[in-house]
Amino acid sequence: MVESIVDVDYKEVMEYSLDPLIIHTDYKIIYINKAAEKLFQTTKEEVAGSSPLDIFQETSKGAIQNRILSAYEKPADVIEETVYRMDGTPVPVELYCHPVKMGERRAIQSYIRDITEKKAIEEKHQAVVKEINELSATIVPIMNETAVLPLTGKIDQEKAGQILAVIPEKVQKQKLNHLIIDFSGIYTFDRVVIDSLFKINRVLSLLGVKTIVTGLRPGMAIEAAHMHMDLSEIPAMADVKEALSYLGVHSTQ
């Protein structure tokens, strides 16, 4: 037998919701829950009677006002917006609102979800994609179907995955037989970097492309040994010039 939920204290459910909730009508805030107090760094008493439009930037208020008007009749779509705490700090949020009844009064319940962490992850991903796109554009053809890929900065798991996704396609387009991967611009040599190196080498080998590594400083080789990683299957040279000499490409200088 299904138990009735009619007697559930809805206000208590709202109060302890993890998402910030605001109830407002006629552009006046009636109630906010604990999560909303925490998000906006305020109290119920301080915001009671104020306009829900006050938390938005001026350029958004017109659209939000229209959104509120339509939400009296039906739920509004989830959107991303920027709201402001009482101290003026901006917070990126997802905003959703729908109609509710407070006795005989029509009102709107708005859900506000802080997406600061989500946006930070998105921005990091976009930065990595941009960096990898720039990196892939720096595969420098030399001669005899040979090119150099200079790596710089720090390679984390996401960047390693992007490299593995982009580089083989670029190598095929340039119809390379040899790719020299220069690590002289890499200063952090950890398991992620080594695993990436092995994966790139294996993928390129399947494509018939021979990988040569340059710029591995002595400290990097020691770190690899400490991690019990055997780099002997990949030819390693001191620098690009030595790698070219190994491939039979000699400088005229």
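Parameters and conventions
Residues numbered from 1 in each chain as written. Predicted model: local features only at pLDDT ≥ 70, side-chain atom pairs only at ≥ 80, totals over all residues. Heavy atoms only, no water. Salt bridge = Lys/Arg side-chain N within 4 Å of Asp/Glu carboxyl O. Helix = DSSP H or I, 4+ residues; strand = E, 2+ residues; numbered from the N terminus. Buried < 20%, exposed > 50% of the residue type's maximum accessible area, 1.4 Å probe, protein only. Pairing = 2+ DSSP bridges. Contact = heavy atoms within 4.5 Å. Axes fitted to C-alpha atoms, helices over the stretch in contact; angles between N-to-C directions. Expected span 1.5 Å × (residues − 1). Phe/Tyr/Trp six-rings, centres within 6.5 Å; stacked < 30°, edge-to-face > 60°.

Comments concerning the pattern of salt bridges
Considering all chains together, one arrives at 11 salt bridges under this definition. One salt bridge connects Glu 122 with Lys 119, and the closest N-O pair in it is separated by 3.4 Å. With Glu 122 and Lys 119 both in helix H5 (residues 116-136), this residue pair falls three residues apart, about one helical turn. Relative accessible area serves as the criterion here: at 27%, Glu 122 is assigned to the partly exposed category. Between Glu 169 and Lys 173 there is a salt bridge, with the nearest N and O atoms lying 3.5 Å from each other. Note that Glu 169 and Lys 173 are positioned in helix H6 (residues 157-173) at a spacing of four residues, about one turn of the helix. Residue Lys 173 is classed as exposed on the basis of its relative accessible area, which comes to 60%. One salt-bridge network, held together by shared partners, links Glu 80, Glu 94, Lys 118, Lys 119 and Glu 122.

Quick word on the sheet that holds strand E10 (residues 236-237)
Sheet architecture is open: five strands sit in the order E6-E7-E8-E9-E10, paired in mixed fashion. The sheet terminates laterally at strand E6 (140-143) and E10, the two strands that pair on one side only. The pairing of strand E9 (residues 210-214) with E10 spans two bridges and is classified as parallel. Bridge pairing links Thr 214 to Met 237 in E10. Docked against the sheet, helix H7 (residues 191-206) engages strand E8 (178-186) and E9, running at close to 170° with respect to E8.

Regarding the pairing of strand E4 (residues 90-102)
When strand E3 (residues 79-84) meets E4, the two strands line up antiparallel, connected through six bridges. Counted as the bridge partner of Ile 79 is Leu 95 from E4. Pairing of E4 with strand E5 (residues 105-114) involves 10 bridges; the strand directions are antiparallel. The residue bridging Met 102 from the neighbouring strand is Arg 105, located in E5. Turn length for the E4-E5 hairpin, with the two strands adjacent in sequence and antiparallel, is two residues, and the turn residue Gly 103 shows positive phi of about 70°.

Side note on H6
For H6, spanning 17 residues, the distance from its first C-alpha to its last is 25 Å, which sits close to the expected 24 Å at 1.5 Å a residue. Buried within H6 are the following residues: Lys 159, Ala 160, Gln 162, Ile 163, Val 166, Ile 167, Pro 168 and Val 171. Positive phi appears at Lys 175, one or two residues downstream of H6, with a value of about 55°.

Here we look at the packing of aromatic side chains
Taken as a whole and judged by the stated rule, the model has one aromatic pair. Residues Tyr 96 and Tyr 111 carry aromatic rings whose centres are separated by 5.7 Å and whose planes lie at 35° to one another, so their mutual orientation is tilted. Pair noted here: Tyr 96 is in strand E4 and Tyr 111 is in strand E5, with a separation of 15 residues, a long-range link. With a relative accessible area of 28%, Tyr 96 lands in the partly exposed category. Take Tyr 111: its relative accessible area is 27%, and that puts it in the partly exposed class.

Some details on H7
Between its first and last C-alpha atoms H7 spans 23 Å; for 16 residues at 1.5 Å apiece the expected length is 22 Å, and the two agree. In the segment just after H7, Gly 208 is the residue with positive phi, at about 80°.

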